[in-house]
Amino acid sequence: SQQGEEDPQALSIQEGENATMNCSYKTSINNLQWYRQNSGRGLVHLILIRSNEREKHSGRLRVTLDTSKKSSSLLITASRAADTASYFCATGPTNAGGTSYGKLTFGQGTILTVHP
Amino acid sequence: DGGITQSPKYLFRKEGQNVTLSCEQNLNHDAMYWYRQDPGQGLRLIYYSQIVNDFQKGDIAEGYSVSREKKESFPLTVTSAQKNPTAFYLCASSTTSQGAIYGYTFGSGTRLTVV
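Quick caveat, the model's predicted, so the values are computed rather than measured. (Residues numbered from 1 in each chain as written. Chains lettered and ligands numbered in written order. Predicted model: local features only at pLDDT ≥ 70, side-chain atom pairs only at ≥ 80, totals over all residues. Heavy atoms only, no water.)

Colleague: Residue-level account of the pattern of salt bridges, with values.
Modeller: All names here are of chain A. Within this structure, the stated rule accounts for 6 salt bridges over all chains. Residue Asp-83 pairs with Arg-36 through a salt bridge whose shortest N-O separation is 3.9 Å. With Asp-83 in the loop between strand S8 (71-76) and strand S9 (85-92) and Arg-36 in strand S4 (residues 31-37), this residue pair connects regions lying 47 residues apart in the sequence. Each member of the pair Asp-83 and Arg-36 is classed as buried. Among the ionic pairs, Arg-62 bridges to Glu-55, the shortest N-O distance being 3.2 Å. Under the relative-accessibility criterion, Glu-55 is labelled partly exposed at 41%. In this structure, a network of salt bridges that share partners links the residues Arg-36, Arg-60 and Asp-83. (Salt bridge = Lys/Arg side-chain N within 4 Å of Asp/Glu carboxyl O. Helix = DSSP H or I, 4+ residues; strand = E, 2+ residues; numbered from the N terminus. Buried < 20%, exposed > 50% of the residue type's maximum accessible area, 1.4 Å probe, protein only.)

What follows is the structure, given as structure tokens:
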């Protein structure tokens, strides 16, 4: 069963605009991760946010986590055509150290298209 | 460079045939995983292994088999019992050491088509 559900399913924006993708999940988590997938390729890990964190930044990426609402959002600022890809959230069990091992459950993804 | 290598990139299977997908990593990761991705869908877990000589079924293990004889290798066999094997298969690995928060490392995938 899918733990994470992304919203929207598809998002189309112009270069320079911000892109926001949302993820909802059903059960308690230790951390939530976001991945990117270019067409026909493997996934690339973008960022991990732990359950005791509310916000995290990495370059043009900003992730928020609201454990009370069981939801997360990924914001890409000043988007570029090269950001065109599918974005997935993933949740799963970890050990006490917050290590991301153990089976991850992925959502169905948001397809982001950035027009030049 | 460290990473995960999946081969072949494209694979064609005849009806009733078993095929094996290769996955090799040189990251010294303990855990390895196989996921299946159908068009427009998310990833579904087939099998995973957290240590050599041990593996666990995922959500859709029927019609698949794996082995983990070496830390670096986690091959997936798609058997004739898998009735709808056409999909994109992704292998991943991760560390289990304390404090590591790098997430999964994925291979580039194998696209399997039944002909």
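Colleague: How would you sum up the packing of aromatic side chains? Please name residues and give values.
Modeller: Tallied over the entire structure, the rule returns 11 aromatic pairs over all chains. Look at Tyr104(B) and Phe106(B): their rings are 6.1 Å apart centre to centre, the planes differ by 45°, and that puts the pair in the tilted class. Of the two residues, Tyr104(B) and Phe106(B), both sit in the buried class. Through a chain of ring-to-ring contacts, three or more aromatic side chains come together here, namely Tyr35(A), Phe106(A), Tyr33(B), Tyr35(B), Tyr48(B), Tyr104(B) and Phe106(B). Sitting over the face of the ring of Phe74(B), Arg68(B) holds its NZ or CZ atom 6.0 Å from the ring centroid. (Phe/Tyr/Trp six-rings, centres within 6.5 Å; stacked < 30°, edge-to-face > 60°. Lys NZ or Arg CZ within 6 Å of the ring centre and 35° of its normal.)

Colleague: I'd like a description of the environment of Gly58(B), backed by residues and values.
Modeller: Within the secondary structure, Gly58(B) sits in the loop between strand S6 (54-57) and strand S7 (64-66). When near neighbours in sequence (up to four residues on either side) are disregarded, Gly58(B) contacts Leu45(B), Ile46(B) and Tyr47(B). (Contact = heavy atoms within 4.5 Å.)

Colleague: Residues and numbers for the sheet that holds strand S3 (residues 19-25) of chain B, please.
Modeller: Residue and element names in this part refer to chain B. If you trace the 4 strands from one edge of the open sheet to the other, you get S1-S3-S8-S7, paired in antiparallel fashion. In the strand order of this sheet, the two ends are held by strand S1 (4-7) and S7, each with one partner. Neighbour-to-neighbour, the strand axes of the sheet open up by a mean angle of 20°, direction not taken into account. Pairing of S3 with strand S8 (residues 76-78), which is carried by 3 bridges, proceeds in the antiparallel orientation. Bridge pairing in S8 links Val-19 to Val-78. (Pairing = 2+ DSSP bridges. Axes fitted to C-alpha atoms, helices over the stretch in contact; angles between N-to-C directions.)

Colleague: Just give me the short version of the sheet that holds S8(A), but keep the residues and values in it.
Modeller: Note on sheets: strands pair through backbone hydrogen bonds, and any given pair is parallel or antiparallel. Residue and element names in this part refer to chain A. Across the sheet, which stays open at both edges, the 5 strands sit in the order S1-S3-S8-S7-S6 with antiparallel pairing between neighbours. The open sheet has two edge strands with one neighbour each: strand S1 (5-7) and strand S6 (55-58). Sheet twist, expressed as the average angle between the axes of neighbouring strands with direction ignored, equals 20°. Direction of pairing for strand S7 (residues 61-66) relative to S8: antiparallel, over a ladder of 6 bridges. Among the inter-strand pairings, Leu-65 is bridged to a residue of S8, identified as Ser-72.

Colleague: Outline the layout of surface pockets, listing residues and values.
Modeller: Considering only enclosed or pocket space, the largest pocket measures out at about 460 Å³ in volume. If you go around the largest pocket, you meet 23 residues; those closest to its centre are Ser86(A), Ile111(A), Gln37(B), Gly40(B) and Gln41(B). Elements with a minimum of two residues in the lining of the largest pocket: S1, S9 and strand S11 (110-115) of chain A. (1 Å grid on protein atoms, 1.4 Å probe; cavity = no way out; pocket = protein on both sides within 12 Å on 5 of 7 lines; lining within 4 Å. Points joined across faces, edges and corners; volume = space filled by probe spheres on them.)

By themselves, these figures tell us nothing about what the structure is for.
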